[in-house]
Amino acid sequence: MNAVDTNILIYVNDPRDLVKQRIASSLVLSLTDGVLLWQVACEYLAASRKLEPLGYDRSQAWQYIRDLQQVWYTVLPTWMLLDRAENLLNRFNLSYWDATIVAACLEANVKTLYTEDFGYSNIDGLAIINPFQQRSEPE
């Protein structure tokens, strides 16, 4: 299973960076085994308000989350998630919110998290991929 961080969902609906929008849209459409983390859904609904001046309104944001719920598995938080997040905070240089996203992924057996926010490529077996980072070609 694969999950995306809030920034990926924002880029799908943000026309200001067409390259990131294309990459994010392609990624989201390709995830047939996608996981929608509760926290990501909530953060997206809050952050998408920044897109209102660009013509993306609140009702569109809510509908986008409903559409994702139809095709992705939704992961709700548990109380154990807080313990796991605390453990991650003690071991890694993560924000509280990033630690809870990683904890949710680990709890749900997500294999890959797509985000541009982390400085790690792997945490406790969770692969973390920045889809916007150009990969160098083998020589």
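Above this text sits the structure in question.
Each chain carries its own residue numbering, running from 1 in the written order of its sequence. Since the coordinates come from a predicted model, pLDDT governs what is reported: local features require at least 70, and pairs of side-chain atoms require 80 or more to be given and counted, while whole-chain, interface and lining totals use all residues. Heavy atoms throughout the structure, all of them, feed into the side-chain values; hydrogens and water do not.

Time to look at the layout of surface pockets. Of the pockets and cavities examined, the largest pocket occupies roughly 220 Å³. Of the grid points, spaced at 1 Å and generated over the protein atoms alone, those admitting a 1.4 Å probe that cannot get out make up cavities, while open sets with protein on both sides within 12 Å along at least five of seven lines make up pockets; any residue with an atom within 4 Å of a point is treated as lining. What lines the largest pocket is a set of 14 residues, and nearest its centre among them are Trp 38, Gln 39, Pro 77, Leu 81 and Thr 100. Helix numbers and strand numbers start at the N terminus; a helix is a DSSP run of H or I with at least 4 residues, a strand a run of E with at least 2. Elements supplying a minimum of two residues to the lining of the largest pocket: helix H3 (38-47), helix H5 (79-91) and helix H6 (96-107). Grid points are joined across faces, edges and corners, and a volume is the space filled by probe spheres set on the points.

Turning to the sheet that holds strand E4 (residues 112-114), a few remarks are in order. Two strands pair under a simple rule: DSSP has to find at least two bridges between them. If you walk across this open sheet you meet the six strands as E3-E2-E1-E4-E6-E5, and the pairing is mixed. Of all the strands in the sheet, the pair left with one neighbour each is strand E3 (73-75) and strand E5 (122-123). Here three bridges tie strand E2 (residues 34-37) to E3, and the two strands are oriented parallel to one another. Paired with Val 35 across the strands is Tyr 73, a residue of E3. Two residues qualify as a contact provided that any one of their heavy atoms is within 4.5 Å of a heavy atom in the partner residue. Only the stretch in contact is used when fitting a helix axis, every axis being a line fitted to C-alpha atoms; angles between N-to-C directions are given from 0 to 180 degrees. Relative to the sheet, H3 contacts strand E1 (2-4), E2 and E3, its axis offset from that of E2 by approximately 65°.

Grouped together as the largest cluster of nonpolar side chains are 47 residues, with contacts concentrated most on Leu 9, Leu 37, Tyr 44 and Leu 88. The greatest single-element share of this core, amounting to seven residues, is contributed by H6. In plain words, nonpolar cores are sets of buried Ala, Val, Leu, Ile, Met, Phe, Trp, Tyr and Cys residues tied together by side-chain atoms within 4.5 Å. Burial here depends on accessible area, computed with a 1.4 Å probe over protein chains only, as a share of the maximum for the residue type. Under 20% is buried, over 50% is exposed, and the range in between is partly exposed.

Inspection of the secondary structure assignment puts Thr 32 in the loop between helix H2 (18-30) and E2. On the basis of relative accessible area, Thr 32 is assigned to the exposed category, the value being 72%. When the C-alpha positions of Thr 32 and Cys 105 are compared, they lie 16 Å apart, and in sequence the two are 73 residues distant.

Further remarks concern H2. Given a helix with a known number of residues, its expected span is that number minus one, times 1.5 Å. With 13 residues, H2 extends 18 Å between its outermost C-alpha atoms, agreeing within 8% with the 18 Å of an ideal straight helix rising 1.5 Å per residue. Of all the positions in H2, only Gln 21, Ala 24, Leu 27 and Val 28 are classed as buried. Along the axis of H2, the buried residues cluster in a sector spanning 135°; they form a single face. Facing away from the buried side of H2 by over 90 degrees, the exposed positions are Leu 18, Val 19, Arg 22 and Leu 29. In this structure, the buried side of H2 is in contact with E1, helix H1 (6-12), helix H4 (58-71) and E4. N or O atoms closer than or at 3.5 Å make up a polar contact, with two conditions inside protein: a donor-capable atom paired with an acceptor-capable one, and, for residues adjacent in sequence, both atoms drawn from side chains. By the N-cap criterion, in which a side-chain oxygen at the helix start approaches the backbone nitrogen of a residue two or three places on, H2 is capped by Asp 17, the distance to Val 19 being 3.3 Å. Of all possible arcs, the one meant is that of the directions from the helix axis to the C-beta atoms.

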